[in-house]
Amino acid sequence: AWGDYAHRLTASIAMAQLSPQARAEMGRLLRAEASLETPECRLTSIEDASVWPDCVRARYRDRFAFSAPWHYQNISVCEAFDINAKCWNGDCVTAQIPAQQAILADRKRPAHERLQAFSFLVHFVGDMHQPLHLGDKADLGGNNVRAAFGFKSPERMNLHRIWDSDLAERALTEPPAISPRSVTPAQRRAWAGAQDTPTLVAGWARESWELSRTIVYPELKDYPVSCPLTSSMPATNRPGMPRGMVTPDYVATATPAVRDQVTKAGTRIALLLNRALAGSAGRR
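All values derive from a computational prediction rather than experimental measurement.

(A) The overall build of the protein, seen in detail. Helix and strand content of the protein: 12 helices and 4 strands. Taking 2.2 N^0.38 as the reference for a compact globule, 284 residues should give roughly 19 Å; the C-alpha atoms of the protein span a radius of gyration of 18 Å, in line with that estimate. Each principal axis of the C-alpha atoms in the protein carries an extent, and together these give about 55 × 40 × 35 Å. Summing over all exposed atoms, the protein offers an accessible surface of approximately 12600 Å²; the carbon and sulfur share of this is 52%. Where the 34 positive side-chain charges of the protein centre and where its 29 negative ones centre are 4 Å apart.

So, in structure tokens, the structure goes:
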């Protein structure tokens, strides 16, 4: 999902909102890093945790292939929102967030198992706030949509990658740059919620999906694919991939959404970690 910069920023925002009890328990779990046996993917901080799941998928593919479908959920923007769509056997991001939170909260489990769950939880909440990890037009969440971005041609870029990296970094660093101090107390209250985790996650997923439906796809200039799709065949098997262009107007429209999604993600990561790590884990 988000590239390294945005993921680490969500973690820094979360860190600023952790309770003292949660910070202490996190520190204890981080001391179990060596037991994970992933020396090429360090896990010594919450910022490392935000990118560790992507690192181990790349560096230790055989061991972590099982987690590949946990990073996304391709919910069609051409149909009504369905939180259960494309989530066979719980192998999707919205199912794994409460599952990993439960593992993290279980004090009877070995520390290294809880540490892995800690990282998955931090990363997956970040993932689901990237709209193209929820919304889909039969194009693998924009991976099969070629798109130009500035001087980068469509042959080098796709819509998903643009939202992960180029667009995200530009939006987040544009003055005033987003930082842990950007989140106000009022925003924390508005973006959190008191419900159980699955209910919260379903609402957060719908927000992200809605951004795909209303901004990510329709604002893309010269993008030819409309709803409903005329074929159920994967985009990679059609003659030529759909194409579009990210214009300055697109960037201006998308920038507030990116900034909101990253700050929301960090705030919500903190909410779930505080519940799991600070002794209130029963409120799943």
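(B) Helix α6 (residues 93–105), seen in detail. In this model α6 runs 18 Å from its N-terminal to its C-terminal C-alpha over 13 residues, within 8% of the 18 Å that 1.5 Å per residue would give. Looking at α6, one finds that the buried residues are Val 93, Thr 94, Gln 96, Ile 97, Pro 98, Gln 100, Gln 101, Leu 104 and Ala 105. On its buried side, α6 packs onto α2 (20–30), α7 (111–128), α11 (197–216) and α12 (248–277).

(C) Molecular detail of the environment of Trp 191. Checked against the element boundaries, Trp 191 lands in helix α10 (residues 185–191). Taking the relative accessible area as the measure of exposure, Trp 191 reaches 10% and is therefore buried. Taking the C-alpha atoms as reference points, Trp 191 and Leu 271, 80 residues apart in sequence, are found 9.6 Å from one another. Those residues in contact with Trp 191 that sit more than four places away from it in its chain are Val 183, Trp 204, Asp 260, Thr 263, Lys 264, Thr 267 and Arg 268.

(D) Representation of the packing of α6 against α11 in the model. Two elements in contact, α6 and α11, have axes separated by 9 Å at closest approach and are oriented at 150 degrees. In this structure, the crossing between α6 and α11 has a hand that is right-handed. Contacts from Thr 94, Ile 97, Pro 98 and Gln 101 in α6 reach Thr 197, Pro 198, Val 201 and Ala 205 in α11.

(E) Layout of the state of the cysteines. Evaluation of the coordinates by the stated rule reveals 3 disulfides. Across the disulfide from Cys 87 sits Cys 92; the S-S distance is 2.1 Å. The disulfide joining Cys 87 to Cys 92 has a torsion of about -75 degrees about its S-S bond and is therefore left-handed. Owing to a relative accessible area of 0%, Cys 92 belongs among the buried residues under this scheme. Ordinal numbering of bonded cysteines along the protein defines a disulfide pattern of 1-2, 3-6, 4-5.

(F) Summary view of the pattern of salt bridges. On inspection of all chains with the given rule, the structure shows 13 salt bridges. Asp 48 is the partner of Arg 8 in a salt bridge, and the nearest nitrogen-oxygen pair spans 3.3 Å. Of the two residues, Arg 8 is situated in helix α1 (residues 4–15) and Asp 48 in helix α3 (residues 46–49); the sequence distance between them amounts to 40 residues. Residue Arg 8 is classed as partly exposed on the basis of its relative accessible area, which comes to 28%. By relative accessible area, Asp 48 is classed as buried at 11%. Of the charged contacts, one joins Arg 59 and Glu 40 as a salt bridge, the two residues approaching to 3.3 Å between their closest N and O atoms. You can see Arg 59 sitting in helix α4 (residues 52–59) and its partner Glu 40 sitting in the loop between α2 and α3, a full 19 residues away along the chain. Using a relative accessible area of 51% as the deciding quantity, one classes Arg 59 as exposed. Each of Glu 25, Arg 28, Arg 107 and Arg 114 takes part in a single network of salt bridges with overlapping partners.

About the criteria used
- Residues numbered from 1 in each chain as written.
- Predicted model: local features only at pLDDT ≥ 70, side-chain atom pairs only at ≥ 80, totals over all residues.
- Heavy atoms only, no water.
- Helix = DSSP H or I, 4+ residues; strand = E, 2+ residues; numbered from the N terminus.
- Rg over C-alpha atoms; globule rule 2.2 N^0.38 Å.
- Areas by Shrake-Rupley, 256 points an atom, 1.4 Å probe, with all protein chains shown as cover.
- Lys, Arg positive; Asp, Glu negative; His and termini not counted.
- Charge placed at Lys NZ, Arg CZ, Asp CG, Glu CD.
- Expected span 1.5 Å × (residues − 1).
- Buried < 20%, exposed > 50% of the residue type's maximum accessible area, 1.4 Å probe, protein only.
- Contact = heavy atoms within 4.5 Å.
- Axes fitted to C-alpha atoms, helices over the stretch in contact; angles between N-to-C directions.
- Left-handed = near helix turned anticlockwise from the far one by under 90°.
- Disulfide = S-S within 2.5 Å.
- Salt bridge = Lys/Arg side-chain N within 4 Å of Asp/Glu carboxyl O.

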